[in-house]
Structures are given as C-alpha cells and as structure tokens.
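One letter stands for each residue in the lines below.
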Amino acid sequence: QLIEDIQDGEVSTLITKDLSRLGRNYLETGTYIEVFFPNHNVRYIAINDGVDSIDNAQMDITPFRNIINEMYSKDTSRKIKSALHARKIQGKYMATTAPFGYKKDESDHNHLVIDEVTAPVVELIFSIAEEGVGLHTICNRLRKAKVIKPSFHKKEMIERYIDEEKMYDWDTAYVSKILHDPVYAGNLTVAERPTKTMRSKKRQYIPYAEREVIYGTHEPIIEQNAGTMFRRFWRADRPLSEKFKRI
C-alpha cells in the first residue's frame, strides 16, 4: 500500500526508526533508497542511523549499513535454525499443530500423544494398505465408508459448517503422506522441507530415505517391523472399532 501511495504522489517524506526497519535485503533496500525514492521525489530518513537522503555525505555510507543489517539478519536466522535443530535432535516436536492421529501433550506441548478420535482412521488406512491395494482404492473405500477427512475434524471441533460433498473426499497425496510418515511409528524427522535460503520462501524437498529420523520419541500408532512402514501388527489393547472392521 505504501508503494502504491508513493507511486500516486501521496508521499513526500518516508521516516523509519532505522535502516533495518525499511528492509534487511541490501539489494532491495538499496534499490528503494537510491532509485525508487529519488524517482518519485520522496525524502527518506532513518532516525537512529542518522540517514537523510538530502545529505549526500550520509548517503555514501548507507549501502554498507544495509549490508551489515543483512549480515545480522542471516546470523540471527542461523542461530534460530541451530536452536530448533538442537531441540528436534532431543526428540521435541516443534511444529505448531500435531499431525493427524496425534494431539499435543497438555503437560508438554513439544510431545505428541495419541488422539483417540483420529488415531483409528490412521490404523484403518494402514490396514487397507496392507492388502496391497493402490492409493485410489484406499481413498474410494474411505469415501464409501464415510470416514471424515482430516481437515473436517478441526471444523467439527469448532462447530463450523461442514460441506457434505467434501468432508469424505480423501486425497491420494494426503493418504500417501500418512503411509510414508515415520511419525506414526513413533519417530520424528528433523527436517522434511527446509527453506533454501533466508531470503527465499521456497522449500527444498528431501527424499524420505535421506531424512534424519529420531526414533522412539512418542507412542506409535502403527507398529514397525524390520524398518518397514507398510507392515503393521495390531496391538491387543487397541483393536479396530466395529465400524472400521466392516470396511
């Protein structure tokens, strides 16, 4: 909105606390200060850094300050990533929401506990997969059995309107994600899709075989055999409900 106001000639002076508040990408910030603002007759002031675009002497050192701001931002980013990685190595679950089939432990939000409402659905998906059928068959059987898909479980809890046509419309990509996710065997992956750089929001894909896995971090929903996620054994204390046995 600010850029649009400048382009419309509604801004004569732009003031920020310091240069870092304008931006920490030195290339982009430099373009604004040295090209965009002058082209639109906008005076720029950074109070704490003593920058005023009227003073040419002050503007000569501004690019170096922008570079320092970006270096500081990169250093902060590295420290945060390092701290998060250390906690994940300890088996801490750091995501905002729990994966389908689990919920966050009320006494420790970095620990997962089995959700008795949604865990049977996960067990059912693995049970059908054991028969050797494809993803489309699994989705069709879930639809016919009217098993509510994950996104609508959240809507039910907050009593929102549910679209009857979509609430059973399971997606093959999501089912595949469940079948490949080590979390259901009681394990956590350290990094699945990390960002490429601090500036970029794009994420790089790490193949399942190459992901770093921390074992035994929480109670499994699906028991693992010989390291294979698709082979499971029912636990005597967690039998399938009568509804799911018929699917």
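Further up the page is the structure itself.
Q: I'd like a description of the overall build of the chain, backed by residues and values.
A: Within the chain one finds nine helices and seven strands. Sequence separation of at least 24 residues holds for 59% of the intrachain contacts in the chain that already meet a minimum separation of 6. Accessible surface for the chain amounts to roughly 15,500 Å². Of this, 51% is attributable to carbon and sulfur atoms.

Q: Tell me about the packing of helix H6 (residues 135-144) against helix H8 (residues 172-180), and name the residues and values.
A: One way to put it is that H6 packs onto H8 with a least axis distance of 9 Å and a crossing angle of 105°. Judged on the interaxial angle alone, H8 and H6 are roughly perpendicular. When H6 is examined against H8, the residues Leu 135, His 136, Ile 138, Cys 139 and Leu 142 are found in contact with a partner set consisting of Thr 172, Val 175, Ser 176 and Leu 179. The residue makeup of the contact of H6 with H8, split by class, is six nonpolar, three polar and no charged.

Q: Let's hear about the environment of Asp 115: which residues, and what values?
A: Mapping Asp 115 onto the fold places it in the loop between strand S5 (108-114) and helix H5 (119-129). Given a relative accessible area of 16%, Asp 115 falls into the buried group. Linking Asp 115 and Gly 101, residues 14 residues apart in sequence, is a C-alpha distance of 5.4 Å. Those residues in contact with Asp 115 that sit more than four places away from it in its chain are Gly 101, Tyr 102, Lys 103 and Pro 120. Of note is the side chain of Asp 115, whose polar atom sits 3.3 Å from the side chain of Thr 118.

Q: Help me get a handle on the sheet that holds strand S1 (residues 13-16), residues and values and all.
A: The strand order across the open sheet formed by three strands is S1-S2-S3, and the pairing between neighbours is mixed. Two strands bound the open sheet, and with one partner strand each, they are S1 and strand S3 (51-52). As paired elements, strand S2 (residues 43-46) and S3 share two bridges and run antiparallel to each other. Bridge assignment links Ala 46 to a residue of S3, and that residue is Val 51.

Q: Help me get a handle on the nonpolar core, residues and values and all.
A: Counting 26 residues, the largest nonpolar core has Ile 125, Trp 170 and Tyr 184 as its most contacted members. Listing elements by their share of this core, those giving two or more residues are S5, H5, H6 and H8. Beyond its immediate sequence surroundings of up to four residues, Ile 125 is in contact with Ile 138, Leu 142, Trp 170, Val 175, Ile 178 and Leu 179.

Q: Describe the packing of aromatic side chains, naming the residues involved and giving the relevant values.
A: Applying the stated rule across the entire model yields seven aromatic pairs. Here Tyr 32 and Phe 37 contribute two aromatic rings whose centre-to-centre distance is 6.0 Å and whose plane-to-plane angle is 25°, an arrangement assigned as stacked. The class of Phe 37 is buried, set by a relative accessible area of 3%. A network of ring pairs unites the aromatic residues Tyr 32, Phe 36, Phe 37 and Tyr 44 as a single cluster.

Q: Summarise the packing of H5 against H6; cite the residues concerned and give the values.
A: To characterise two packed helices, one gives the angle between the axes of the helices and the distance between these axes. Axis separation between H5 and H6 bottoms out at 10 Å; the angle between their running directions is 130°. For the element pair H5 / H6, the angle class is oblique. The hand of the H5/H6 crossing is right-handed. Touching Leu 124, Ile 125, Ile 128 and Ala 129 of H5 are Ile 138, Arg 141 and Leu 142, all from H6. Within the contact of H5 with H6, the residues separate by chemical class into six nonpolar, no polar and one charged.

Calculation criteria
- Residues numbered from 1 in each chain as written.
- Predicted model: local features only at pLDDT ≥ 70, side-chain atom pairs only at ≥ 80, totals over all residues.
- Heavy atoms only, no water.
- Helix = DSSP H or I, 4+ residues; strand = E, 2+ residues; numbered from the N terminus.
- Contact = heavy atoms within 4.5 Å.
- Areas by Shrake-Rupley, 256 points an atom, 1.4 Å probe, with all protein chains shown as cover.
- Axes fitted to C-alpha atoms, helices over the stretch in contact; angles between N-to-C directions.
- Parallel < 35°, antiparallel > 145°, perpendicular 65-115°, else oblique.
- Nonpolar A, V, L, I, M, F, W, Y, C, P; charged D, E, K, R; others polar.
- Buried < 20%, exposed > 50% of the residue type's maximum accessible area, 1.4 Å probe, protein only.
- Polar contact = N/O pair within 3.5 Å; in protein donor to acceptor, adjacent residues only side chain to side chain.
- Pairing = 2+ DSSP bridges.
- Core = buried A, V, L, I, M, F, W, Y, C linked by side-chain atoms within 4.5 Å.
- Phe/Tyr/Trp six-rings, centres within 6.5 Å; stacked < 30°, edge-to-face > 60°.
- Left-handed = near helix turned anticlockwise from the far one by under 90°.

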